[in-house]
Amino acid sequence: MVRKIIAFGFIPLIYQVSYLLLPVKQFLPSLSELRNSLIENLSSYALYTHILFSVQRVVIGFLLASIIGIMMGIILGYSEKLRWMRLYVELLRPIPPIAWIPISILMFGLGNGAAYFIVFIGAFFPIFTNTYFGASSLPTIYRNVAMSFELGRMAYIGKIIFLYSLPYIFTGLKIGIGMAWMSVIAAELVSGQSGLGYFIQLNRLLLRIDNVLIGMGLIGFIGYILNKFIEYSEKRIIRWRK
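Procedures and definitions
- Residues numbered from 1 in each chain as written.
- Predicted model: local features only at pLDDT ≥ 70, side-chain atom pairs only at ≥ 80, totals over all residues.
- Heavy atoms only, no water.
- Helix = DSSP H or I, 4+ residues; strand = E, 2+ residues; numbered from the N terminus.
- Expected span 1.5 Å × (residues − 1).
- Bend = angle between axes of the 7 residues up to and from the residue.
- Phe/Tyr/Trp six-rings, centres within 6.5 Å; stacked < 30°, edge-to-face > 60°.
- Buried < 20%, exposed > 50% of the residue type's maximum accessible area, 1.4 Å probe, protein only.
- Axes fitted to C-alpha atoms, helices over the stretch in contact; angles between N-to-C directions.
- Parallel < 35°, antiparallel > 145°, perpendicular 65-115°, else oblique.
- Left-handed = near helix turned anticlockwise from the far one by under 90°.
- Contact = heavy atoms within 4.5 Å.
- Salt bridge = Lys/Arg side-chain N within 4 Å of Asp/Glu carboxyl O.
- Core = buried A, V, L, I, M, F, W, Y, C linked by side-chain atoms within 4.5 Å.
- Patch = residues over 30% accessible without salt bridge, like charges linked within 9 Å, V, L, I, M, F, W, Y side chains within 5 Å.
- Areas by Shrake-Rupley, 256 points an atom, 1.4 Å probe, with all protein chains shown as cover.
- pLDDT = per-residue confidence, 0-100.
- Arc of directions from axis to C-beta.

## Considering helix 8 (residues 153–191)
Next, step 1: Between the first and last C-alpha of helix 8 there are merely 45 Å, a value that for 39 residues lags more than 12% behind the 57 Å anticipated at 1.5 Å per step.
Next, step 2: L166 marks where helix 8 bends most, by close to 50°; the proline P167 follows one to four residues later.

Take a look at the structure:
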């Protein structure tokens, strides 16, 4: 914990050194100006509203992507007859989430539905891919043991495949939450009316570079917290894994 606090303390130091040594004074605010802007924003409800909108969109889109991605990954990994469906996933996976923004606006308009869709697209593919590889890489001995004990299909999927795939699933969740957070910021930058991405875009147009930097810092900090939450959940759920 102390090391992390020290590491975070180096950020303003690095910024101040860069501000003094590099030719950026004409367009970047000083550290004191950043501090004053941060205090001003933290004393206003507007910034907290933007944060809540962004986090809400990420949570809803990420939960939908997790449920569907894990279910599809386990089913396709379990059933060899359905693995041909992975072809369609692989065809769509290389398309970046930001490329889906025009389609999402046409389907859902400029409301939250478009943001949920973009977050879902960003998080779904890493979650599905890791879950699929976990389920499909189950050793044959596990299957033989399940057949010896005459486990039913649902018990086999729930107690053998799912538990074996949990480390792979959490790997996908950690990648997916990062992709979801980046996707919602990109969506808000392009078509949002609220959220941290909109906050950055609005202040860019107003030439408030100090607020832009504050928004960028908050994006990194909140993304770090979301990732740590997934890591904490992994340690609590997969207790047998060191």
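## Some points on the packing of aromatic side chains
The relative placement of two aromatic rings is captured by the distance of their centres and the angle of their planes.
Next, step 1: Enumeration according to the criterion identifies eight aromatic pairs in this entry.
Next, step 2: Judged by centre distance (5.9 Å) and plane angle (70°), the ring pair of W100 and F117 falls under edge-to-face. One end of the pair, W100, is in the loop between helix 4 (86–92) and helix 5 (101–108); the other, F117, is in helix 6 (residues 112–136), and 17 residues separate them in sequence. For the pair shown, W100 and F117 are each scored as buried.
Next, step 3: Between the aromatic rings of F108 and F117, the centroid separation amounts to 5.6 Å while the plane-to-plane angle is 40°, which identifies the pairing as tilted.
Next, step 4: Its relative accessible area of 43% is what places F108 among the partly exposed residues.
Next, step 5: Of the residues examined, F117 reaches a relative accessible area of 17% and is grouped as buried.

## Brief notes about the packing of helix 8 against helix 9 (residues 196–205)
Next, step 1: Two numbers describe how helix 8 lies on helix 9: the axes approach to 7 Å, and their chain directions differ by 40°. Here helix 8 is positioned oblique relative to helix 9, judged by the angle of their axes. In this structure, helix 8 crosses over helix 9, and the sense of that crossing is right-handed. Along its contact with helix 8, which presents W181, I185, E188 and L189, the element helix 9 presents L196, G197, Y198, I200 and Q201.

## Topic: the pattern of salt bridges
Next, step 1: Under the criterion given, the structure shown has six salt bridges.
Next, step 2: One salt bridge in this structure joins E234 and K174, with 3.0 Å as the shortest N-O distance. A residue pair is termed long-range when its members are at least 10 positions apart, and E234 in helix 10 (residues 209–237) and K174 in helix 8 qualify at 60 residues.
Next, step 3: Residue class for E234 comes out buried when judged on its relative accessible area of 10%.
Next, step 4: With a closest N to O distance of 3.0 Å, D210 and R208 form a salt bridge.
Next, step 5: Under the relative-accessibility criterion, D210 is labelled buried at 11%.
Next, step 6: Given the relative accessible area of 29%, R208 is considered partly exposed.
Next, step 7: One network of salt bridges, in which partners are shared, links R86, E90 and R93.

## Some thoughts on the nonpolar core
Soluble globular proteins tend to pack their nonpolar side chains together in the buried interior.
Next, step 1: Counting residues in each nonpolar core, the largest one holds 51 residues, and the members touching the most others are F62, W181 and L196.
Next, step 2: Looking at this core, the elements that each hand over two or more residues are helix 3 (45–78), helix 6, helix 8, helix 9 and helix 10.
Next, step 3: Residues within four places of F62 in sequence aside, it is in contact with V119, A123, I127, L173, G176, I177, A180 and I230.

## Some points on a nonpolar patch on the surface
Next, step 1: A surface patch of nonpolar side chains, amounting to about 1,100 Å² of accessible area, comprises I67, I68, M71, I75, L82, W84, M85, L87, Y88, L91, L92 and I95.
Next, step 2: Looking at the nonpolar patch, the elements that each hand over two or more residues are helix 3 and helix 4.
Next, step 3: The topology assignment puts I68 in helix 3.

## Some remarks on unusual backbone geometry
Next, step 1: Positive phi values are uncommon outside glycine, yet L207 reaches one of about 60°.
Next, step 2: Structurally, the position occupied by L207 is in the loop between helix 9 and helix 10.
Next, step 3: Take L207: its relative accessible area is 67%, and that puts it in the exposed class.

## Some thoughts on the environment of L52
Next, step 1: Tracing the backbone through its elements, the reader meets L52 in helix 3.
Next, step 2: By relative accessible area, L52 is classed as exposed at 60%.
Next, step 3: Separated by 142 residues in the primary sequence, L52 and S194 place their C-alpha atoms 9.6 Å from one another.

## Considering the confidence of the model for the protein
When pLDDT is low, close inspection of the predicted coordinates is not appropriate.
Next, step 1: Mean pLDDT over the protein: 84, with 89% of residues reaching 70 or higher.
Next, step 2: Looking over the protein, one finds the lowest element-wise mean pLDDT in helix 1 (residues 2–21), namely 64, and the highest in helix 3, namely 91.

## Some words on helix 9
Next, step 1: Inspection of helix 9 places L196, G197, F199, I200 and N203 among the buried residues, and these make up the whole buried set. On an axial view of helix 9, the arc spanned by its buried residues comes to 160°, and they lie on one face.
Next, step 2: Positive phi shows up at L207, right after helix 9, with a value of about 60°.

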